Structure formats: structure tokens, C-alpha cells
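Single-letter residue listing:
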Amino acid sequence: MTSLSQRKSDHLDIVLRNTAGVRKCTSGFERWRFEHCALPELHLDEVDLSTSLFGRTLQAPLLISSMTGGTQRATLINQNLARAAQTLGLAMGVGSQRVALESPATQGLTRSLRDAAPDIVLLANLGAAQIAGPQGRDFAQRAVETLAADALIIHLNPLQEALQHGGDRNWCGVLNAIQQTVEALPVPVVVKEVGNGLSVPVARQLAEAGVAMLDVAGAGGTSWAAVEGERAISAHDRAVAMAFTDWGIPTAVALKDLHQALPEMPLIASGGIANGVEAAKALCLGASLVGQAAGVLQSALISSDAVIAHFETMIAQLRVACFCTGSDSLAALRKATLVAGTP
């Protein structure tokens, strides 16, 4: 196993152990409540949850965001997620393809993934540091072509890299590299954070660079500072990392701010969204899609049926939230009354 593969495997182990639960920041959705509609005048089964993404229809506004781990487990995880996405008509974004592009360890990120899910919206994924590197354009093209992907996600993780032993320290020129990637690729580019949120100034820069969609990926989910703290090789490194476990913009705050500042920019809400009720809140606050990664990992290690069951529960919760706000569609849900209050 290469050092990069071992790092990914370590990340997966730590997330599955839930030792990152030392985080102090919440996603912020607990501060919002829907006004209940006691007379919905709807048929629950006829609530329409469908939406579109890059010209393709989704049966529900959900993005399965995966994390690659060790090579053997990653192949299983990706196949289970892809089959579930195909069955349910959801979108899927893979984990970072860096290892798959730099070594023989494909982590299941090959054309076989598209073969398992021929009809889904599938998003490739590379880190900003790789995009800004000398092979950035080649990596981006190969990442998309390898999966026959519909779009490319570029993830921003400066805090994680700063805390990671051997992490990428040089972030000069990343914005320009993103713009060049947007111009070079024949598919849309999505930019996401990995759990610390996107601010309005950064979002404006990315919009000006031509990015098609933003994933706010706010604080409240997995704390990658805590994960890197668990992996630290010295007490010093651990102490530095653990000071940042509550760092970032809560998901609900980032989502609300970005939607107000850039109302025409499609947004993905991810970062600690636990269930369909929180997904409904995210959609009402301005999200086009809702993403979940760590919340489905345990199911992904079991089977595609387990992943399907997980998301069927989430979809059922979202449907009931629509019903009890008198919303017969996602468009109507976005006009529902959502009241801010204390948690």
C-alpha cells in the first residue's frame, strides 16, 4: 500500500470510529424550525421530489458524496454507492481520485463504476493542490474520462493540508488553476470545501472564475482537524490540530449567506446533515442539492441494499417534511416558512 493509500485508509478508520466527535461546532440547522401546516391539502404519495442536475433528472435532490479509504474497502464502497444511486436515481460524487491517478491502486475508480450506474449524474473529484500542480490539467481530464463523469468536483481543504503531516503547503495560484480547468474541460466544474465552509468572498471569486456549482460543505460534520489530530505523529502536531476542531462556518450559515449573496449560483448543502428534515431545511435555505458522505459510510461497507435503505429513510423524511409544510414539490418547499430561533 502506498503512503497516500495508507493515509486514505487511516482517514476512513478514524471516521468510522467516530473519534472525530470532539468537534464543538454544529451544522446550525438546529436553529431553524418549519412552521407546521396542519391542513396540507395534499396526498403524501404525490409529493414530487424530483429535480435536475446538469440537464439530467434526479428522483430526489440528494448527492451521495463518498470518501475513498484503503484500496480494498474503497472499491467495495464505491460499487455499493454507485448501485444505490442507480436504483434510487440520485447523483454521486466520488472521493479524491489522486491515488487512482498517481498509482496502480484504482480504489474502484474506473469505468466499472459507470458500468454499475450508467444513468446517474456521476461527478469526478480532485484536490485543488493537484489542480494547481504541473499535471493539473492532465489529471482533471483523466479524472473525468476515467469515470465518464458528468462533472468534476475540485475540493478545497487548506486547513486539513496545513495540519496533515506531509500536506500541501503551497496554495499560491489555486484560483487561476481552477479558472483554467473550467476553460479546458468539456464538463461543468463544481468546487467544494471539505467541512469548514465557503465564505461569500471566496464564493464570488469562484463564480467569477466560471465555476458552475458550489458545495458549501460547512462545519458541523466530520472535523478533518480532529481526524488529522488523531493521525498526528507528535504531541506538538496533535495539539496544533485539536485547536481547530470547531473551526469553520456552520453549514446552515454558509448556505444562507451564499444564497443571499449569489442567488443565481446553484448550491449543494453538505456538512453534518443528518436526516431528511435537515435536508428540507437546507433546500428551503437555498440549496439545490443536499450531500451526505460520512453518514452513509457504515451502510456502504455492508451492501448496496444497506445504502438504498439508508437513503430511502432520508427520502421518506424529506417527503413528510414537504407534506407537513403544505409543499407538493421542491419549488413549493423553498417557499415554506422557516423560522430562526434558539436551538
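On a predicted model such as this, the values are computed, not experimentally measured, just so you know.

The rules behind these values
- Residues numbered from 1 in each chain as written.
- Predicted model: local features only at pLDDT ≥ 70, side-chain atom pairs only at ≥ 80, totals over all residues.
- Heavy atoms only, no water.
- Helix = DSSP H or I, 4+ residues; strand = E, 2+ residues; numbered from the N terminus.
- Buried < 20%, exposed > 50% of the residue type's maximum accessible area, 1.4 Å probe, protein only.
- Lys, Arg positive; Asp, Glu negative; His and termini not counted.
- Salt bridge = Lys/Arg side-chain N within 4 Å of Asp/Glu carboxyl O.
- Polar contact = N/O pair within 3.5 Å; in protein donor to acceptor, adjacent residues only side chain to side chain.
- Contact = heavy atoms within 4.5 Å.
- Expected span 1.5 Å × (residues − 1).
- Core = buried A, V, L, I, M, F, W, Y, C linked by side-chain atoms within 4.5 Å.
- Axes fitted to C-alpha atoms, helices over the stretch in contact; angles between N-to-C directions.
- Parallel < 35°, antiparallel > 145°, perpendicular 65-115°, else oblique.
- Left-handed = near helix turned anticlockwise from the far one by under 90°.
- Nonpolar A, V, L, I, M, F, W, Y, C, P; charged D, E, K, R; others polar.

**Student:** Would you mind going over the side chain of Lys 281 with me for this structure?
**Tutor:** Relative to the elements of secondary structure, Lys 281 occurs in helix α13 (residues 276-284). For the buried Lys 281, no salt bridge exists, and the shortest N-O distance to an oppositely charged side chain is 5.8 Å, to Glu 278. From its side chain, Lys 281 meets the backbone oxygen of Phe 29 in a polar contact 3.1 Å long. Those residues in contact with Lys 281 that lie beyond four places of it in its chain are Phe 29, Trp 32, Phe 34 and Leu 338.

**Student:** Looking at this structure, I do not really get helix α15 (residues 304-323). What am I missing?
**Tutor:** For an α-helix, 3.6 residues make a turn, and residues three or four places apart therefore share a direction. Here α15 contains 20 residues, and its C-alpha end-to-end distance of 28 Å stays within 8% of the 28 Å for a straight helix at 1.5 Å per residue. Listed as buried for α15 are Ser 304, Ala 306, Val 307, Ile 308, Phe 311, Met 314, Ile 315, Leu 318, Ala 321 and Cys 322. Capping the start of α15 is the job of one residue whose side-chain oxygen sits 3.4 Å from the backbone nitrogen of Asp 305: Ser 303.

**Student:** Got a minute to help me understand the nonpolar core in this structure?
**Tutor:** Most often, soluble globular proteins have nonpolar side chains that are buried together. Membership of the largest hydrophobic core comes to 84 residues, with the highest contact counts inside it found for Met 92, Leu 152, Ile 178, Val 191, Leu 214, Phe 311 and Leu 333. Sort the elements by how many residues they give to this core and α15 lands first, with eight residues. Those residues in contact with Val 191 that lie beyond four places of it in its chain are Ile 154, Leu 156, Ile 178, Leu 198, Leu 206, Val 211, Met 213, Leu 214 and Asp 215. If you look at the next biggest cluster of nonpolar residues, it comprises 12 residues, including Leu 58, Ala 91, Ala 151 and Leu 289.

**Student:** For this particular structure, what's the right way to read unusual backbone geometry?
**Tutor:** Peptide bonds are mostly trans, and most non-glycine residues show a negative phi. Even without being glycine, Glu 41 reaches a positive phi, approximately 55°. According to the relative accessible area criterion, Glu 41 is exposed, its value standing at 68%. At Phe 54, a residue that is not glycine, the phi angle is positive and equals roughly 50°. A relative accessible area of 30% means that Phe 54 is categorised as partly exposed.

**Student:** Whenever I open this one, the packing of helix α9 (residues 200-208) against helix α12 (residues 251-261) confuses me. Can you help?
**Tutor:** Packed helix pairs are characterised by how far apart their axes lie and by the angle those axes make with each other. In contact at an axis separation of 10 Å, α9 and α12 are set at 50° when each is read in the N-to-C sense. In terms of axis orientation, α9 runs oblique to α12. Relative to α12, α9 is oriented so that their crossing is right-handed. On the side of α9, the interface is formed by Val 200, Ala 203 and Arg 204, while α12 contributes Asp 257, Leu 258 and Ala 261. Among the residues making up the contact of α9 with α12, the classes are represented as four nonpolar, no polar and two charged.

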